[in-house]
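Listed below are the residues making up each chain.
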Amino acid sequence: MKKLSFVVVALAAMVLASCGGNKTNQNAEEQTDSVKTFEQEQIEANIKVQIDSIASELGKLKALPIFADTEDGTIALSEEEKLVKPEYLLDPAKANDAVTLSEKYRALAILNVDKFVAKSYDMPTEAYDEAIAKLAADINDPAFKAAQEEGPIAKNVQAFYDAEEESGRLNYFWQVATSAIVEQLYIMTQNTDKFIAAFDDEAASNVTFRVICLQDAINRLTAYDEELVEVAEAIKPLGVLNALTVDELKAQLNELKAQIAESRAALVK
């Protein structure tokens, strides 16, 4: 906000200076304040409408197939496949390394995704439950409870967004949403042949749409919140995703495996 205010004040000062010297300094200052307030309100209102729209579009999407409930068609692992436990999941102990609120929100989102995968492999999830509970207690965000009253957050994006807006933590909605999709993409790259089998072309194109929505929103908001600059940089490599079919998504995930791993590492450092 400081950056935006500075720009608006500077522009207002230039406009008033060009009007001549027939006004007192007091009048000029009053007009500057008036222009600043009007311009800033207009810009912020426009940004808010755009951001609200992006969040609404995200809320309309179904969960990615491998992360949907079993009855919705999540991929099934055979007993033999469950014997080979995934070593790429985030260690729940990493929750202790999260210091800032941003880091805690990101870790919480990633561990929630990883807990689902661990459960799919019949792995114990107590450590995930403890880490997630600790992070949630540290964060103490009323939006979590408000959203969960509508059902799982993953299925109630709009409810979570609205609750975060009401609690004044809208920045963290985008931190959570970004961390969740990056972790999902990261997991998919670990066994693309298996996980892509759950997708159809619509689901594949929705992956691209998710990434576009997140990048659009976060890039707009970096002018307001410096914490989001780091997030924007972390997901920048994902901007080349443009898959519209299952075959295209599979090929792009394989090509971007290293970049997706780097994006994930940047979010959990």
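Worth saying up front: this structure is predicted, and the values here are computed from it rather than measured. (Residues numbered from 1 in each chain as written. Predicted model: local features only at pLDDT ≥ 70, side-chain atom pairs only at ≥ 80, totals over all residues. Heavy atoms only, no water.)

Engineer: Before we move on, can you summarise the packing of helix H10 (residues 201–221) against helix H11 (residues 227–234) with the specific residues and values?
Structural biologist: Packed helices, taken two at a time, are described by their axes: the angle between them and the distance between them. Put simply, H10 and H11 touch, their axes get as near as 9 Å, and they point 145° apart. Seen along the crossing, H10 lies across H11 with a hand that is left-handed. Counting all contacts with H10, which are made through Ile218, Asn219 and Leu221, the residues of H11 involved are Leu228, Val231 and Ala232. Split into classes, the residues belonging to the contact of H10 with H11 amount to five nonpolar, one polar and no charged. (Axes fitted to C-alpha atoms, helices over the stretch in contact; angles between N-to-C directions. Helix = DSSP H or I, 4+ residues; strand = E, 2+ residues; numbered from the N terminus. Left-handed = near helix turned anticlockwise from the far one by under 90°. Contact = heavy atoms within 4.5 Å. Nonpolar A, V, L, I, M, F, W, Y, C, P; charged D, E, K, R; others polar.)

Engineer: Lay out the nonpolar core in plain terms, naming residues and giving numbers.
Structural biologist: Judged by nonpolar contacts, the single largest core of 74 residues is most densely connected at Trp174, Leu185, Ile187, Met188, Phe199 and Leu249. Sorting elements by how many residues they give to this core places helix H8 (residues 170–190) first, with twelve residues. (Core = buried A, V, L, I, M, F, W, Y, C linked by side-chain atoms within 4.5 Å. Buried < 20%, exposed > 50% of the residue type's maximum accessible area, 1.4 Å probe, protein only.)

Engineer: Give a description of a negative patch on the surface that names residues and reports values.
Structural biologist: The grouping of Asp200, Asp201, Glu202, Asp247 and Glu248 at the surface amounts to a negative patch. Among the secondary structure elements, those contributing two or more residues to the negative patch are H10 and helix H12 (246–255). Turning to its location among the elements, Glu248 is positioned in helix H12. (Patch = residues over 30% accessible without salt bridge, like charges linked within 9 Å, V, L, I, M, F, W, Y side chains within 5 Å. Areas by Shrake-Rupley, 256 points an atom, 1.4 Å probe, with all protein chains shown as cover. Salt bridge = Lys/Arg side-chain N within 4 Å of Asp/Glu carboxyl O. Lys, Arg positive; Asp, Glu negative; His and termini not counted. Charge placed at Lys NZ, Arg CZ, Asp CG, Glu CD.)

Engineer: An account of the packing of aromatic side chains is needed here, citing residue identities and associated values.
Structural biologist: Summed over all chains, the structure comprises eight aromatic pairs. Judged by centre distance (5.7 Å) and plane angle (50°), the ring pair of Phe160 and Phe173 falls under tilted. With Phe160 in helix H7 (residues 157–166) and Phe173 in helix H8, the pair connects residues that are 13 residues apart, well separated along the chain. The pair formed by Phe160 and Phe173 is uniform in burial state, with each residue classed as buried. What links up through ring pairs into an aromatic cluster is the set Tyr105, Phe144, Phe160, Tyr161, Tyr172, Phe173 and Trp174. (Phe/Tyr/Trp six-rings, centres within 6.5 Å; stacked < 30°, edge-to-face > 60°.)

Engineer: Requested: an account of the pattern of salt bridges, with residues and values cited.
Structural biologist: In this structure the tally under the stated criterion is twelve salt bridges. Salt-bridge contacts for Lys82 lead to Glu79; the nearest nitrogen and oxygen are separated by 3.7 Å. Taken together, the positions of Lys82 and Glu79, both in helix H3 (residues 79–82) and three residues apart, correspond to about one turn of that helix. A salt bridge links Glu183 to Arg264; the nearest nitrogen and oxygen atoms lie 2.8 Å apart. Taken as a pair, Glu183 in helix H8 and Arg264 in helix H13 (residues 257–268) lie far apart in primary sequence, 81 residues in all. As far as burial versus exposure is concerned, Glu183 and Arg264 are alike and both buried. Each of Glu79, Lys82 and Asp122 takes part in salt bridges that share partners, so that together they form one network.

Engineer: If you had to explain the packing of H12 against H13 to someone new, which residues and values would you point to?
Structural biologist: At a minimum axis separation of 4 Å, H12 and H13 run at an interaxial angle of 65°. In terms of orientation, H12 lies roughly perpendicular with respect to H13. Contacts between H12 and H13 pair Leu253, Asn254 and Glu255 from the former with Lys257, Gln259 and Ile260 from the latter. (Parallel < 35°, antiparallel > 145°, perpendicular 65-115°, else oblique.)

Engineer: Lay out empty space enclosed by the protein with the relevant residues and their values.
Structural biologist: Per the counting criterion, the structure on display carries two cavities of 30 Å³ or more. Its volume calculated, the largest cavity comes out at about 80 Å³. Every residue lining the largest cavity is listed: Leu90, Lys94, Asp97, Ala98, Glu103, Ala107, Leu267, Val268 and Lys269. Breaking the lining of the largest cavity down by element, the ones donating at least two residues are helix H4 (101–120) and H13. Residues that form the lining of the largest cavity fall into these classes: five nonpolar, no polar and four charged. Looking at the second largest cavity, the residues that line it are Thr178, Ile181, Val182, Val211, Leu214, Ile235 and Leu238. The element best represented in the lining of the second largest cavity is H8, accounting for three residues. (1 Å grid on protein atoms, 1.4 Å probe; cavity = no way out; pocket = protein on both sides within 12 Å on 5 of 7 lines; lining within 4 Å. Points joined across faces, edges and corners; volume = space filled by probe spheres on them.)

Engineer: If you had to explain the environment of Gln252 to someone new, which residues and values would you point to?
Structural biologist: For Gln252, the location among the structural elements is in helix H12. When its relative accessible area of 13% is taken as the criterion, Gln252 is described as buried. In the structure, Gln252 is positioned 63 residues away from Thr189 in sequence and 9.6 Å away in space, judged by C-alpha atoms. Other than its neighbours up to four places away in sequence, Gln252 contacts Val240, Leu241, Asn242 and Ala243. Engagement of the side chain of Gln252 in a polar contact is seen with the backbone nitrogen of Ala243, the distance being 3.3 Å. (Polar contact = N/O pair within 3.5 Å; in protein donor to acceptor, adjacent residues only side chain to side chain.)

Engineer: Could you give me a rundown of the side chain of Thr189, with the residues and numbers involved?
Structural biologist: Secondary-structure assignment places Thr189 in helix H8. When its relative accessible area of 4% is taken as the criterion, Thr189 is described as buried. Among the polar contacts made by the side chain of Thr189, one reaches the side chain of Gln190 at a distance of 3.2 Å. Not counting chain neighbours up to four residues away, the residues in contact with Thr189 comprise Leu253, Lys257 and Ile260.

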